[in-house]
Structure formats: C-alpha cells, structure tokens
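Each chain, written out:
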Amino acid sequence: MTSKQQWYFIGAACALFLAQTLPHLYHRWVEDESWLCVPAKTLREEGRIRVPVFAGTGFKQEIQQEVWPYPPGCIWMSSLAFRVGGMDAMVARVPSVLAGLGVIIATFLLGRKLVSPSAGVTAAFLAACDNLLFLTARTVRPEIYMPMFVALTLLLWLKSKATSSVLWAGLSGLTAGVALMFHHNAVPAFVAVGAFALWEFR
C-alpha cells in the first residue's frame, strides 16, 4: 500500500466519521454542555473561568461561581470557538468534531508506526465507527480531546526514541501535559511516558 493510497483510505475514514457526526449536529443539547459553555462565555467576556449560574448553597457550587476547579482545556477551546464564530450551539461543537478527526488521524499514524500501514488504516476505520467517539464529537465534552493528545504523546515519544532526541521527548511530555489540561484520564499516559523516559535515560 503506497503512502498516497493510505491517505485516500484515511480520507474515507474521516468522511465516514463526518457522515455520522454532522447530521443534526445542532440538536439535542444536554445539561453538561451548558455547564461547560457558561464558563467559556465568562472567559470570553470577563477574562476568567467561572460558573455564575446554577447557583446553590453547597461548597462546590459556591466555588464554581468564582473559579473553575477542573481542567480548563475544553473551556479554552469553546471560548476560542465563540470568539471566532459567535455564541452558537453549532459553533460550540465544531472543536469537538475537529478533535474527532484528529483522533482518527493520530490513530492511523500510531498504528502505522507500531505495526504496519494496513493496521493503521484498519484502526482508523474502527475509530471512525466507535460509538464513544461519535457521541463525544457531537457534544461539548473534554473526553474527545484527551485521546488525540495521548496518541500524539505516544507518537512523539516513539519519534524521540528512534532519533535519540531530547527535544522530541520534551515535546512528548508537553503534549502529555496538554492532555491533562483536558481530562484526568490522561494521567496513565503521562506516567507511562515518564516511566519510559526514566528507563531510556537511566
């Protein structure tokens, strides 16, 4: 399979993903999306991340009215989208769709690097049909970004190992940190890369 043919297949996998994700993207707004978009609005308008609505008497609600105690990556992406396209449900979900495409491409690259081009293409199509990828790409949620940056972390680490480059290793650590800015489920990837680095440079 030539490199050109590989990218034709990846284009088809991305098209399959978009065919599932884009129809009715504007509909079915869920509560968590409001909870994640309100602080994006305050970041855009006030320069700080907080939830001034959903007021409550509990300690957690009181804290969120002043600061955002969770990873801020998803908020940054939504705020950027609002700055570019305005306050709109469709606009809020566009970064998630793009991150879904990023997951498919990163999955292909990782499969190709670790196994073979055919394995990478197969993995990309499996990712494109994954239910969780479909669901998270259609909503404003942080989970869609984390696997993209985790896959990129592993790709950069493999690059650093192949070239014995401290720069690539540092970039791998940086992307692991970015993944953590979106979701705490990236902790295992961060720990794994750190363990690999300690083993390689012991």
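Residues numbered from 1 in each chain as written. Predicted model: local features only at pLDDT ≥ 70, side-chain atom pairs only at ≥ 80, totals over all residues. Heavy atoms only, no water.

Description of the overall build of the protein
Each helix and strand in the protein was counted, giving ten helices and zero strands. Order of helices (α) and strands (β) in the protein, N terminus to C terminus: α-α-α-α-α-α-α-α-α-α. Dimensions of the protein along its principal axes, counting C-alpha atoms only, are 55 × 45 × 25 Å. Considering only intrachain contacts with a sequence separation of at least 6, the fraction spanning at least 24 residues in the protein is 68%. If you sum the accessible surface of the protein, you get close to 10900 Å²; carbon and sulfur atoms cover 68% of it. Taking the average place of the 16 positive charges on the side chains of the protein and the average place of its 11 negative ones, the gap between the two points comes to 11 Å. (Helix = DSSP H or I, 4+ residues; strand = E, 2+ residues; numbered from the N terminus. Contact = heavy atoms within 4.5 Å. Areas by Shrake-Rupley, 256 points an atom, 1.4 Å probe, with all protein chains shown as cover. Lys, Arg positive; Asp, Glu negative; His and termini not counted. Charge placed at Lys NZ, Arg CZ, Asp CG, Glu CD.)

Section: helix α5 (residues 89-114)
When the terminal C-alpha atoms of α5 are compared, their 38 Å separation across 26 residues agrees well with the 38 Å that a helix rising 1.5 Å per residue should span. Two or three places before Met90, at the opening of α5, Asp88 has a side-chain oxygen 2.9 Å from that residue's backbone nitrogen. (Expected span 1.5 Å × (residues − 1). Polar contact = N/O pair within 3.5 Å; in protein donor to acceptor, adjacent residues only side chain to side chain.)

Comments concerning the side chain of Ser79
Turning to its location among the elements, Ser79 is positioned in helix α4 (residues 73-85). A distance of 3.4 Å separates a polar side-chain atom of Ser79 from the backbone oxygen of Ala40. Beyond its immediate sequence surroundings of up to four residues, Ser79 is in contact with Ala40, Leu43 and Arg44.

A closer look at the packing of helix α1 (residues 3-21) against helix α6 (residues 117-128)
Across the interface, α1 lies against α6 with an axial gap of 9 Å and an inter-helix angle of 5°. With respect to each other, α1 and α6 are oriented roughly parallel. Judged by residue contacts, Gln6, Phe9, Ile10, Ala12, Ala13, Leu16, Phe17 and Gln20 of α1 engage Pro117, Val121, Ala124, Phe125 and Ala128 from α6. In the contact of α1 with α6, the residues fall into eleven nonpolar, two polar and no charged. (Axes fitted to C-alpha atoms, helices over the stretch in contact; angles between N-to-C directions. Parallel < 35°, antiparallel > 145°, perpendicular 65-115°, else oblique. Nonpolar A, V, L, I, M, F, W, Y, C, P; charged D, E, K, R; others polar.)

Looking at the packing of aromatic side chains
Enumeration over the complete set of coordinates arrives at six aromatic pairs. Look at Phe149 and Phe182: their rings are 5.5 Å apart centre to centre, the planes differ by 15°, and that puts the pair in the stacked class. You can see Phe149 sitting in helix α8 (residues 145-163) and its partner Phe182 sitting in the loop between α9 (166-180) and α10 (187-200), a full 33 residues away along the chain. Phe182 carries the same exposure label as Phe149, and that label is buried. Ring pairs connect the aromatic residues Trp35, Trp68 and Tyr70, which therefore count as one cluster. (Phe/Tyr/Trp six-rings, centres within 6.5 Å; stacked < 30°, edge-to-face > 60°. Buried < 20%, exposed > 50% of the residue type's maximum accessible area, 1.4 Å probe, protein only.)

Considering the confidence of the model for the protein
Overall, the predicted model of the protein reaches an average pLDDT of 86, with 94% of residues at or above 70. Per-element mean pLDDT across the protein ranges from 66 in helix α3 (residues 59-64) up to 94 in α6. (pLDDT = per-residue confidence, 0-100.)

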